[in-house]
Amino acid sequence: MQNNLFAGAAVVDSSPKDSQFLYGYPHVERYSTGIHDPLFSSALYLSDGQTKIMFIANDIIFVSKEMTAYVRNQINEHTGIPAQNILISATHTHSGPITVNYVSNSSDPVVPKADIEYIRYLTECMIEAALKAFSRAQPARVGLGLADSTGVGTNRHDPQGLSNHQVPVLMVKSAKKEANIACMLVGSMHPTVLHEDSTLVSADFPGFARKYLQQQALGLECPVLYHTGPCGDQSPRHVTHGNTFSEAERLGNILGASVLKIISNIEYQSDISLQCFQREIDLPKKSFPNVQIAENQLKNAVEKLEQLRSDNAKWQDIRTAECDWFGAEETLTLAKAVEKQEINDYYKSCLPAEIQLLKIGPWNFFGWPGEIFTEYALLLKKKVENSFVISLANGELQGYITTQEAADNGWYEGSNALFHAKSGQLLVDESVKLFGQI
């Protein structure tokens, strides 16, 4: 069989060198006091002799469109890989530095602006990882298997509700040896085992899953790229026994063991084609209540939270109510931003939204920006065979893309979204059209 595939992979430590504000939880002055486990920028380069593509996964909460454009241009300049063929994602760990200024917490006095110096350092780490991966290209084989992440988390509003536990695992091996070049997986779960009481930098459970796989099977030198799939409504809170590193490790080990279970049965191909497609779309903006209505909503959210606390309700229910309180506060901030006409700059920072398709043989990896509800990835899967969505890719959307149910019920995710709930269906429909270009 002809071997036309080349691949290379690399990892660069992107952990902060100084104390950084750890972003993801409001109202807590949470500066890092050390590093529990390192953050990485991990890159995988693939070429079929005609088309070149690059995946870069980063242990960080967000990558912006501005960061994406800069990194893509630098990689293109040094390697010739077309900018639109490079996918850059964030794992969304809530135990890493702030990288994007969010309008919804612009009124939170403890949340600082993103550190420009750390962002510069992070982008240089991405570029370094990509160039190293490109320089290490060698004849390769690829194969894909499907793992099951059951036990790592659930739908955060209803543990019996909609979830996507299918984890695509792309394995890349040397063509001539059994050496592992890289492992890439997509898990659709919020990496939020660790909460605001932790001040140590961490990749959360995806970092432990990576470590487990390297120690148990892949080797310590094998890069593991972890992308986060649509999980706007998914959380570990209903399966954890606390917000501790031991729990993050336990969930990471569950995921790692699931991947380990299927990789020995993966069938590899070396004669495989690569294709890339991209389109940019506008998203419908959401209407916001006036300031007085938003203030009343916040009052109701506070009263509900206080009632649950006084009733000694389950901690999971209290946590959900806390999130709804955060969301009501953020809705009020957004209502004021609309009133002062300050919100348009934030729309400009994340629009147009990019949809990307990197096709590896029969497997279709779609890149969507922002935090997306799981429902939309499952809808796409019904329409496009072998489709896997990497979210938080090539930009962010200043909030969630929710279902109409979330918007109608005033859930946290719907409270701080900048875009209308029908944006999710639009992402699905436009992705199907993009696939139709093949």
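These lines cover the structure that appears in this document, whether it is placed above or below. Just so you know, the residues in each chain are numbered from 1, in the order the chain's sequence is written. Since the coordinates come from a predicted model, pLDDT governs what is reported: local features require at least 70, and pairs of side-chain atoms require 80 or more to be given and counted, while whole-chain, interface and lining totals use all residues. Note that the side-chain values use all heavy atoms of the structure and ignore hydrogens as well as water.

## Some remarks on the pairing of strand S9 (residues 180–187)
- Exposure categories follow from relative accessible area, calculated using a 1.4 Å probe and restricted to protein chains: below 20% of the type maximum is buried, above 50% is exposed, and the middle band is partly exposed. A run of H or I in DSSP counts as a helix once it spans at least four residues, and a run of E counts as a strand once it spans at least two, with each numbered from the N terminus. For S9, a buried count of seven out of eight residues is recorded, marking the element as mostly surrounded by other parts of the structure.
- In this sheet, S9 lies alongside strand S8 (residues 166–174) in antiparallel orientation, the contact comprising five bridges. Bridging across to S9, Leu170 finds its partner in Met184.
- Any two strands are treated as partners once DSSP identifies two or more bridges connecting them. Remark: five residues form the turn of the hairpin made by S8 and S9, two consecutive strands paired antiparallel.
- Note: S9 against strand S11 (residues 224–228), five bridges, orientation parallel.

## So, the sheet that holds S8
- Ordered in space as S5-S4-S3-S1-S6-S8-S9-S11, the eight strands form an open sheet in which the pairing is mixed. Either end of the sheet is taken by a strand with one partner, and the two such strands are strand S5 (86–90) and S11. Along the sheet, successive strands turn relative to each other by an average axial angle of 20°, direction set aside. Axis geometry follows a simple rule: fit a line to the C-alpha atoms, using only the stretch in contact for helices, then measure angles between N-to-C directions, giving values from 0 to 180 degrees.

## Details of the packing of helix H5 (residues 291–310) against helix H6 (residues 315–339)
- The contact between H5 and H6 brings their axes to 9 Å, and the two run at 165°. Judged by the inter-axis angle, H5 sits roughly antiparallel to H6. The chirality of how H5 crosses H6 is left-handed.
- Gly is placed with the polar residues, together with every amino acid not listed as nonpolar (Ala, Val, Leu, Ile, Met, Phe, Trp, Tyr, Cys and Pro) or charged (Asp, Glu, Lys and Arg). Of the residues assigned to the contact of H5 with H6, the class counts are 13 nonpolar, two polar and nine charged. For classification purposes, an angle smaller than 35 degrees is called roughly parallel, one larger than 145 roughly antiparallel, one from 65 to 115 roughly perpendicular, and anything else oblique. Handedness of a crossing follows from how the near helix is turned relative to the far one, being left-handed for an anticlockwise turn of less than a right angle and right-handed for a clockwise one.

## A look at helix H8 (residues 374–383)
- Residues of H8 that are buried include every one of Thr374, Tyr376, Ala377 and Leu380, and no others. Along the axis of H8, the buried residues cluster in a sector spanning 165°; they form a single face.
- Contacts were defined at the residue level, with two residues in contact if any of their heavy atoms lie within 4.5 Å. In this structure, the buried residues of H8 make contact with strand S12 (234–235), strand S15 (363–367), strand S16 (371–372), strand S17 (387–390), strand S18 (400–401) and helix H11 (423–435). What the arc covers is the set of directions going from the helix axis to the C-beta atoms.

## So, the packing of helix H1 (residues 65–79) against helix H2 (residues 116–135)
- Where H1 meets H2, the closest approach of the two axes is 10 Å, and the angle between their N-to-C directions is 35°. In the packing of H1 onto H2, the handedness of the crossing is right-handed. Residues Met67, Tyr70, Val71, Gln74, Ile75, His78 and Thr79 of H1 form the contact with H2, whose participating residues are Ile119, Leu122, Thr123, Glu124, Met126, Ile127, Ala130, Leu131 and Phe134.
- Looking at the contact of H1 with H2 residue by residue, the class counts come to eleven nonpolar, four polar and one charged.

## Details of unusual backbone geometry
- For the bond running from Leu351 to Pro352, omega is -5°, close enough to zero to count as cis.
- The residue Pro352 is located in the loop between helix H7 (344–350) and strand S14 (353–360) in this model.
- The backbone phi angle of Asn386 is positive, close to 55°, even though this residue is not glycine.
- Relative to the assigned elements, Asn386 resides in the loop between H8 and S17.
- Although it is not a glycine, Leu392 adopts a positive phi angle of roughly 55°.
- Among the secondary structure elements, Leu392 is positioned in the loop between S17 and S18.
- We classify Leu392 as buried; its relative accessible area is 2%.

## Thoughts on the nonpolar core
- Residues belong to one nonpolar core when they are buried, are Ala, Val, Leu, Ile, Met, Phe, Trp, Tyr or Cys, and are joined through side-chain atoms within 4.5 Å. In this structure, Tyr23, Met54, Ile56 and Met126 are the most contacted members of the largest nonpolar core, which totals 38 residues.
- Of all elements in the fold, only strand S1 (6–13), strand S3 (40–47), strand S4 (52–58), H1, S5 and H2 reach the threshold of two or more residues within this core.
- Sorting elements by how many residues they give to this core places H2 first, with nine residues.
- What Met126 contacts, discounting residues up to four positions off in sequence, is Ser41, Ile56, Asn58, Val63, Met67, Val71 and Ile88.
- Core analysis: the next-biggest nonpolar cluster, separate from the first, contains 37 residues, Leu334, Ala353, Phe373 and Ile401 among them.

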